[in-house]
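Survey of secondary and tertiary structure
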Amino acid sequence: RARTPFFLYAHYMDPHLPYVPPERYRDLVGYSAEMISEEERLVVEDFRDYYMEHCRFVTGQRAEFPFEPLSDAAKEAVKTLYDALIRYTDDEVRRLVEAVRARAPDTIFIITADHGEHFWDHGLLGHGLTLRNCELRTPLFMAGGPVRPATGEAMVEAVDILPTLAGLLGIPALEH
């Protein structure tokens, strides 16, 4: 049994670059090296260089983009590897939640993401260069303790998480 109260912060780096999910997850989402040419497969499976050069090019740090444009199939392969990483991360978060719940069943869980990604949406790739929804809209899950099951589409901000948690715990929010 866990000592309570306690605070645990877990920060998962996946699904960030490089997009290299375990083989089992590649298979699970249908990724296959045969989806694309050998030349593009090398770029897709080591996507960090392509991505970084793209960022340098679109921000004016590089006059020319040193890679050939990716085919639609290669772009789809990148998205598929990203999806595999999301599935892998989901399973790892599930393992953590189950382990914590086994020791502290009344734990409140808050799960969110730091940003979204452009995957050639609006002709863009990556994040941090726009204020478009695909970058800004991230999931927020709250579960456990006094949190009642519900779903919603309401817009919230990360700055609201701590006061919401304080309210759930009956702790007065700090005034600024």
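Residues numbered from 1 in each chain as written. Predicted model: local features only at pLDDT ≥ 70, side-chain atom pairs only at ≥ 80, totals over all residues. Heavy atoms only, no water.

1. Considering the overall build of the protein
Where we set the bar: Under the DSSP-based scheme used, a helix requires at least four consecutive residues in state H or I and a strand at least two consecutive residues in state E, with every element numbered from the N terminus. The size measure is the radius of gyration over C-alpha atoms, and the globule rule it meets is 2.2 Å times the number of residues to the 0.38 power. For every residue, the accessible area obtained with a 1.4 Å probe (protein chains only) is divided by the maximum for its type, and the residue is called buried under 20%, exposed over 50%, and partly exposed between those limits. Each accessible area is a Shrake-Rupley result for a 1.4 Å probe, and residues are judged covered by the shown protein chains and nothing else. For this count, His and the chain ends are skipped, Lys and Arg are scored as positive, and Asp and Glu as negative. Where a charge lies is defined by one atom per residue type: Lys uses NZ, Arg uses CZ, Asp uses CG and Glu uses CD.
The helix and strand tally for the protein stands at six helices and four strands. Secondary structure elements of the protein, listed N to C terminal, follow the sequence α-α-α-α-β-β-β-α-β-α. Computed over C-alpha atoms, the radius of gyration of the protein comes to 20 Å, more than 25% over the 16 Å expected from 2.2 N^0.38 for 176 residues, which places it beyond the range of a compact globule. Here the C-alpha coordinates of the protein stretch approximately 55 × 40 × 25 Å along the principal axes. When each of the 176 residues of the protein is scored for burial, the buried share is 29%. About 12300 Å² of surface is accessible on the protein, with carbon and sulfur atoms providing 54% of the total. Across the protein, the centroid of the 18 positively charged side chains sits 8 Å from that of the 29 negatively charged ones.

2. Notes on the side chain of Thr 107
So the rule is basically this: We call two N or O atoms a polar contact when they sit within 3.5 Å, provided that within protein one can donate a hydrogen and the other can accept it, with sequence-adjacent residues counted only if both atoms are side-chain atoms. Whether two residues touch is decided by their heavy atoms; if any such pair falls within 4.5 Å, the residues are in contact.
The residue Thr 107 is located in the loop between helix H4 (72-103) and strand E1 (109-112) in this model. Thr 107 gets classed as buried once you look at its relative accessible area, which sits at 13%. A distance of 2.7 Å separates a polar side-chain atom of Thr 107 from the backbone oxygen of Ala 104. Apart from the residues lying within four places of it in its own chain, the contact partners of Thr 107 are Phe 6, Val 100, Ala 143, Gly 144 and Gly 145.

3. Comments concerning helix H3 (residues 47-58)
Test applied: Any helix carries an expected span of 1.5 Å times its number of residues minus one.
Compared with an ideal rise of 1.5 Å per residue, which puts 12 residues at 16 Å, H3 spans 17 Å between its outermost C-alpha atoms and is within 8% of the ideal. For H3, the set of buried residues is Phe 47, Tyr 50, Tyr 51, Glu 53, His 54 and Cys 55. Positive backbone phi, approximately 85°, marks Gly 60, located one or two places after H3.

4. Details of the pattern of salt bridges
Should the charged atoms of two oppositely charged side chains come close, the side chains can pair. How we decide: In what follows, salt bridge is the name for a side-chain nitrogen of Lys or Arg lying within 4 Å of a carboxyl oxygen of Asp or Glu.
For the coordinates displayed, the defined rule picks out 10 salt bridges. Put simply, Glu 38 and Arg 41 hold a salt bridge, and the shortest N to O gap is 2.7 Å. In this pair, Glu 38 and Arg 41 are both assigned in helix H2 (residues 38-44), three residues apart and thus about one turn of the helix distant. Of the residues examined, Glu 38 reaches a relative accessible area of 49% and is grouped as partly exposed. The partner of Arg 41 in a salt bridge is Glu 45, with the nearest N and O atoms 3.1 Å apart. Taking the relative accessible area as the measure of exposure, Glu 45 reaches 23% and is therefore partly exposed. Through salt bridges with shared partners, a single ionic network connects Arg 26, Glu 38, Arg 41 and Glu 45.

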